[in-house]
Amino acid sequence: VGHCHPDVVKAAHEQNQLLNTNSRYLHDNLIDYAERLSKTLPEKLCIFYFLNSGSEANDLALRLARQYTKHEDVIVLDHAYHGHLTSLIDISPYKFRNLEGQKEWVHVAPVPDTYRGLYREDHEDSVTAYANEVKNIIEQAHKTGRKIAAFFVESLPSVGGQIIPPAGYFQKVAKHVHKAGGVFIADEIQVGFGRVGKHFWAFQLQGDDFVPDIVTMGKPIGNGHPIACVVTTKEIAEAFAATGVEYFNTFGGNPVSCAIGLAVLDVIEKEQLQAHATEVGNFLMKLLKEQKIKHPIIGDVR
């Protein structure tokens, strides 16, 4: 919402003057913020965990998936990056290929890139072909006695090259993953909060009939302030709570962070930033596509 946005600065300052405490102390801001966020999401996604960073959010998403499914393995897309914690370096091909390599519980699927990927625009059904790559990974894993906990994907792979997955890909993948007893995790840390313009969440580009099992949020959520969130279903949250080991995050969801989160949502709404992203995005794409016609060296605009 812009550097030092006055509304965000004011919300932080005012709450800082009243109270900031760790999250063992209950505060209305946390509930108010969860309620506001829930209005942007499908009804099924109704349980919120607040944290301090996108990496923390993705790590918790992994824990939730494993506890709920009782499985270990994770499928990710090639070139993916999901955070800097050890658990996330392990599921980030962008990082682990330069470090200790791929763990046996990690499976890498090809990026659904119809420009430069395995199946391109001229393929008769690239969506099914890419989804079948995930299906094949699951079948191979099962043959060696491994079980899938989650398909973990950025809703719009960013580090992987700003790839927009073809519509219907997530639905088909989710079908294979659910059949294998796994869950679908949508990482919205770079691409959420209206940044894609047409929708508030990038996973919504896939269509109204698609709802992930877990969504992670970070980066734009606090306009630079360290706040993050994991949202999931009641069933997954209950399985997580059933261990008797409570989830506690000292400053996740503290009053100041939530005041800032609320202010960011206010600004996005008040200044119509989602519509602005659509307008500016379309304008830029139009001009870049004109350059593409002019210069053969430009292969794709996204």
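Residues numbered from 1 in each chain as written. Predicted model: local features only at pLDDT ≥ 70, side-chain atom pairs only at ≥ 80, totals over all residues. Heavy atoms only, no water.

### Examining a positive patch on the surface
- On the surface, a cluster of positive charge is made up of K135, K172, K175 and K179.
- Within the element layout of this structure, K172 appears in helix α7 (residues 169-179).
- K172 gets classed as partly exposed once you look at its relative accessible area, which sits at 35%. (Patch = residues over 30% accessible without salt bridge, like charges linked within 9 Å, V, L, I, M, F, W, Y side chains within 5 Å. Areas by Shrake-Rupley, 256 points an atom, 1.4 Å probe, with all protein chains shown as cover. Salt bridge = Lys/Arg side-chain N within 4 Å of Asp/Glu carboxyl O. Lys, Arg positive; Asp, Glu negative; His and termini not counted. Charge placed at Lys NZ, Arg CZ, Asp CG, Glu CD. Helix = DSSP H or I, 4+ residues; strand = E, 2+ residues; numbered from the N terminus. Buried < 20%, exposed > 50% of the residue type's maximum accessible area, 1.4 Å probe, protein only.)

### Thoughts on unusual backbone geometry
- The phi angle at C4 is positive, at roughly 50°, despite the residue not being glycine.
- With respect to the helices and strands, the residue C4 is situated in the segment before α1 (6-18).

### A few points about the packing of helix α2 (residues 28-38) against helix α9 (residues 255-270)
- Interaxial distance between α2 and α9 falls to 8 Å at its minimum, and their mutual angle equals 30°. Overall, the two elements α2 and α9 adopt an arrangement that is roughly parallel. Here α2 runs over α9; the crossing is left-handed. For the pair α2 and α9, the contacting residues are N29, L30, D32, Y33, R36 and L37 in the first and P255, C258, A259, G261, L262, L265, D266 and E269 in the second.
- Its residues assigned to classes, the contact of α2 with α9 comprises eight nonpolar, two polar and four charged. (Axes fitted to C-alpha atoms, helices over the stretch in contact; angles between N-to-C directions. Parallel < 35°, antiparallel > 145°, perpendicular 65-115°, else oblique. Left-handed = near helix turned anticlockwise from the far one by under 90°. Contact = heavy atoms within 4.5 Å. Nonpolar A, V, L, I, M, F, W, Y, C, P; charged D, E, K, R; others polar.)

### Focus: the pairing of strand β5 (residues 183-187)
- Taken across its five residues, β5 has five buried, putting it largely inside the fold.
- Pairing analysis gives five bridges linking strand β4 (residues 148-154) to β5, with the strands arranged parallel. Within β5, the residue paired with V153 across the bridge is A186.
- Viewed along the sheet, the connection from β4 through α7 into β5 turns out right-handed. (Pairing = 2+ DSSP bridges. Right-handed = clockwise from strand over helix to strand, strands pointing away.)

### Here we look at the domain arrangement of the chain
- We note that the domain assignment places domain 1 (6-271) and domain 2 (273-301) within the chain.
- Distance between the C-alpha centres of domain 1 and domain 2: 28 Å.
- Contacts between the two partners involve ten residues from domain 1, matched on the other side by six residues from domain 2.
- Note on domain 1 versus domain 2: buried area summed over both sides is about 680 Å², and carbon and sulfur give 56% of it.
- At the junction of domain 1 with domain 2, the criterion picks out zero salt bridges.
- At the junction of domain 1 with domain 2, the criterion picks out five residue pairs in polar contact (both at pLDDT 80 or more).
- A class-by-class count of the residues in the side of domain 1 that touches domain 2 yields four nonpolar, three polar and three charged. (Domains from an automatic or database assignment. Buried area = accessible area lost by both parts, 1.4 Å probe. Polar contact = N/O pair within 3.5 Å; in protein donor to acceptor, adjacent residues only side chain to side chain.)

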